[in-house]
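# Chains, contacts and geometry: an overview
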Amino acid sequence: MRILKSGLLIFVILVSFGIGSEEKTDFDHVRKAVVQIKVYSQAFSAYTPWATEGVRASSGTGFLIGNKRILTNAHVISNAKYIQVQRYNQTEWYRVKILHVAHDCDLAILEAEDPEFYKESTELSLGQIPELNSPLIVVGYPIGGNKVSVTRGIVSRKEQSKYEHSSVDSHLVLQVDAAINPGNSGGPAIQDNQVVGVAFQVATKGENIGYLIPTKVIRHFLKDIEDGKYDGYVELGIGTFNSFNTALRKAKGIPDGLEGVFVNRILPHGSADGYLKEGDYLTQIDGLTIGRNGTTTLDKDARVDFTETVDDKNSGELIRFKVFRDGKFVDVEFKARRMPDFDFMRNRYDTPFDYAMIGGLLFQEMSRDLLGAWSRGGNTSGGSQFLFRYDYFIEDGMNRAKKADVVLYRKLAHPVNSSADYFLNLVLESVNGEPVNSLADLKKVISESKSRFLKLKFLDIELPLILDREESKKADSQIRSTYGLE
């Protein structure tokens, strides 16, 4: 009985990991292309924008893809001050420079400065999206050592999911059951000697659930940077509603059996702004039928949201819809374009936070990082307004009239601002009657004002905050010295 159980166990393992596929992998070729990355980084602080946080040491993985390029995750090298790389069997660390970073899809390209680094190296090629239940290996340098590590697993799901690095963008991901640990990030997932994904994040709930960036997303990134710069993903800029409700379909005159979804929101400045209309019934995108749940066929294994088709496009490429509008079929096409309006909702890296100060009162444009600082600080004054404006700034079209909300987020205490607490975490509407629609507007008003007083009007607050302009200016000099802003 004991021997039988052991035999059964071995059989299960061989079937689960597809030993036949493993034999196709030339591991010596793979490990000569895989790179360990050592990073020293220093992040900027949204709450204290004149200072930086402490230096942090971390590590990750990358791999060579040709032309001396090292592909890795953006989060591996974000806020980096100094980066070094080393390959299998090398004893020396080599300095690299960052060529391109794409925070919205968590990818980056590095290049070693010393040609010696590439001696006897190999390069990995990109494969296609693997099938469900197919085996693969994940190669990298996870925690616990500087030797290359291999874990095995299978592709367990294909879906669109949020990329945590930006906290906003959603793209296609591959879910695998291979162990992915810190340090694995940026490492290749290999199937049949080709890269089928890049390890980048894990599920916080569940065991051994890891995620890969598929080659579809990698190729989009590589195509984008062909002109020497990264432009970023385009946005369709609409909200949709499924068409399961039979009564709604009849009320809208949708023919029986016609698949599609209703457009219920057009976002300002999106690609569809001015081309699609609320109430349109989208039936096809680029010739692909859109289901009643808003999905199209990715391959034989999965259906994904139809916006995945837009994800494949670069700025300027055409998006083509077949639309049922006012009882007729019409063809609508327009160019894909990026929406910078969403940038304030993304985590920010590599750049300092701009701010303005008046009498020790600190102002910034609303952003995800500022919201995080506000939450960690336990602030509540004006919180509902802050949260509502953040969540609905684009969806409710506030971005059509202004670039950004400017928020009074912090006070550096001084007698000149002793009565300003009430206005903390509120949105600044105007100064001396001049509307403030961006931080640049505020700086311009302050620098050009000749009035004795600055009348700061906040959104939804009747009484303004009044500051003596000259006294505030003198106080700012003292505050910069006292609080170390210089």
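Residues numbered from 1 in each chain as written. Predicted model: local features only at pLDDT ≥ 70, side-chain atom pairs only at ≥ 80, totals over all residues. Heavy atoms only, no water.

### Focus on the overall build of the protein
The criterion, for reference: Helix and strand definitions follow DSSP, with helices as H or I runs of at least four residues and strands as E runs of at least two, each counted in order from the N terminus. Throughout, exposure labels follow a simple rule: accessible area from a 1.4 Å probe, protein chains only, divided by the maximum for the residue type, with under 20% read as buried, over 50% as exposed, and the rest as partly exposed. We call two residues in contact whenever any of their non-hydrogen atoms come within 4.5 Å of each other. Here the Shrake-Rupley method, with its probe set to 1.4 Å, supplies the accessible areas, and only the displayed protein chains count as covering residues. The charged-residue count follows a simple rule in which Lys and Arg add positive charge and Asp and Glu add negative charge, with His and chain termini not counted at all. To locate a charge, take atom NZ for lysine, CZ for arginine, CG for aspartate or CD for glutamate.
Secondary structure summary: the protein contains 11 helices and 27 strands in total. Principal-axis analysis of the C-alpha atoms gives the protein an extent of 90 × 70 × 50 Å. Counting every position in the protein, which comprises 486 residues, the buried fraction comes to 49%. When contacts within the protein are restricted to residue pairs at least 6 apart in sequence, those whose partners lie at least 24 apart make up 63%. If you sum the accessible surface of the protein, you get close to 23400 Å²; carbon and sulfur atoms cover 49% of it. Of the side chains in the protein, 60 bear a positive and 64 a negative charge, and the two mean positions are spaced by 1 Å.

### Notes on the sheet that holds strand 5 (residues 94–102)
For clarity, the cut-off: Only strands that DSSP links by at least two bridges are regarded as paired with each other. Here an axis means a line fitted to C-alpha atoms, over the contact stretch when the element is a helix, while the angle between two N-to-C directions is reported on a 0 to 180 degree scale.
Spatially, 1-2-3-6-5-4 is the arrangement adopted by the six strands of the closed barrel, whose pairing is antiparallel. Neighbour to neighbour, the strand axes of the sheet diverge by 40° on average, direction disregarded. Packing against the sheet, helix 5 (residues 215–224) makes contact with strand 2 (56–66), strand 3 (69–72), strand 5 and strand 6 (107–112), and its axis sits at approximately 60° to strand 6.

### Remarks on unusual backbone geometry
Of note in the backbone geometry, Asp106 takes a positive phi value of approximately 55° without being a glycine. Its location among the elements puts Asp106 in the loop between strand 5 and strand 6. Relative accessible area serves as the criterion here: at 1%, Asp106 is assigned to the buried category. Unusually for a residue other than glycine, Asn193 sits at a positive phi of about 70°.

### A word on the side chain of Gln84
Applicable threshold: Counted as a polar contact is a pair of N or O atoms within 3.5 Å, where, for protein atoms, one must be capable of donating a hydrogen and the other of accepting one, and residues adjacent in sequence contribute only when both atoms are in side chains.
Mapped onto the fold, Gln84 is located in strand 4 (residues 80–87). In terms of polar contacts, Gln84 uses its side chain to reach the side chain of Tyr82, at 3.4 Å.

### Overview of the confidence of the model for the protein
The test is simple: pLDDT measures how confident the predictor is about each residue, on a scale from 0 to 100.
Mean pLDDT over the protein: 91, with 94% of residues reaching 70 or higher. In the model, residues 1–23 has pLDDT below 50 throughout and makes nine contacts with residues more than four positions away in sequence or in other chains.

### Focus on the nonpolar core
Test applied: In these notes, a set of buried Ala, Val, Leu, Ile, Met, Phe, Trp, Tyr and Cys residues joined through side-chain atoms within 4.5 Å is what counts as a nonpolar core. Just so you know, the domain bounds were taken from an automatic or database domain assignment.
In terms of nonpolar packing, the biggest core is built from 29 residues, with Leu71, Cys105, Leu107, Ile213, Ile218, Phe221 and Leu222 touching the most fellow members. Going through the elements one at a time, strand 2, strand 6, strand 7 (135–140), strand 11 (194–202), strand 12 (210–214) and helix 5 are the ones with two or more residues in this core. Take this core: its biggest share by element is four residues, from helix 5. Counting contributing residues, this core receives three or more from each of domain 1 (27–118) and domain 2 (134–225). The residues touching Leu107, leaving out its near neighbours within four places in the chain, are Leu71, Thr72, Asn73, Ala74, His100, Val101, Ala102, Ile213, Val217, Ile218 and Phe221. Judged by nonpolar contacts, the second largest core, of 26 residues, contains Tyr355, Met366, Val416 and Ile479.

### What to know about the pairing of strand 12
In terms of burial, strand 12 is a largely internal element, five of the five residues being buried. Neither face of strand 12 is exposed, since Gly210, Leu212 and Pro214 on one face and Tyr211 and Ile213 on the opposite face are all buried. As judged from the three bridges shared by strand 9 (residues 170–176) and strand 12, these two strands associate in the antiparallel manner. Bridge pairing in strand 12 places Val176 opposite Gly210.

### Some details on the domain arrangement of the protein
Short version of the rule: Accessible area, probed at 1.4 Å, shrinks when two parts are joined; the buried area is that loss added up over both. Any carboxyl oxygen of Asp or Glu within 4 Å of a side-chain nitrogen of Lys or Arg constitutes a salt bridge here.
Splitting the protein by domain gives domain 1 (27–118), domain 2 (134–225), domain 3 (238–337) and domain 4 (354–483). If you average the C-alpha positions of domain 1 and of domain 2, the two centres end up 17 Å apart. The interface is formed by 30 residues belonging to domain 1 together with 31 residues belonging to domain 2. Summing both sides of the interface, domain 1 and domain 2 together bury roughly 2400 Å²; the carbon and sulfur share of this comes to 70%. On the surface where domain 1 and domain 2 come into contact, there are zero salt bridges. For the pair domain 1 and domain 2, the interface holds eight residue pairs in polar contact (both at pLDDT 80 or more). Contributing elements (two or more residues each) for the side of domain 1 that touches domain 2: helix 3 (27–31), strand 1 (34–41), strand 2, strand 3, helix 4 (74–77), strand 5 and strand 6.

### Considerations on the UniProt feature "domain: PDZ" (unreviewed entry) in the protein
Note the threshold: UniProt positions are given in the numbering used here, feature names are shortened, and annotations may be inferred rather than shown by experiment.
Feature annotation in UniProt places "domain: PDZ" (unreviewed entry) on residues 233–290, given in this structure's numbering. Secondary structure over residues 233–290 splits into 10% helix and 29% strand, and the C-alpha atoms at its two ends are 21 Å apart.

### Considering the sheet that holds strand 9
An order of 7-8-9-12-11-10 is seen for the six strands of this closed barrel, with the pairing classed as antiparallel. For this sheet, the mean inter-axis angle between neighbouring strands, taken without regard to orientation, is 45°. As judged from the four bridges shared by strand 10 (residues 188–191) and strand 11, these two strands associate in the antiparallel manner. Residue pairing for strand 11: Ala189 is matched across the bridge by Gly197. Relative to strand 12, helix 5 is tilted by about 45°, and along the sheet it contacts strand 9, strand 11 and strand 12.

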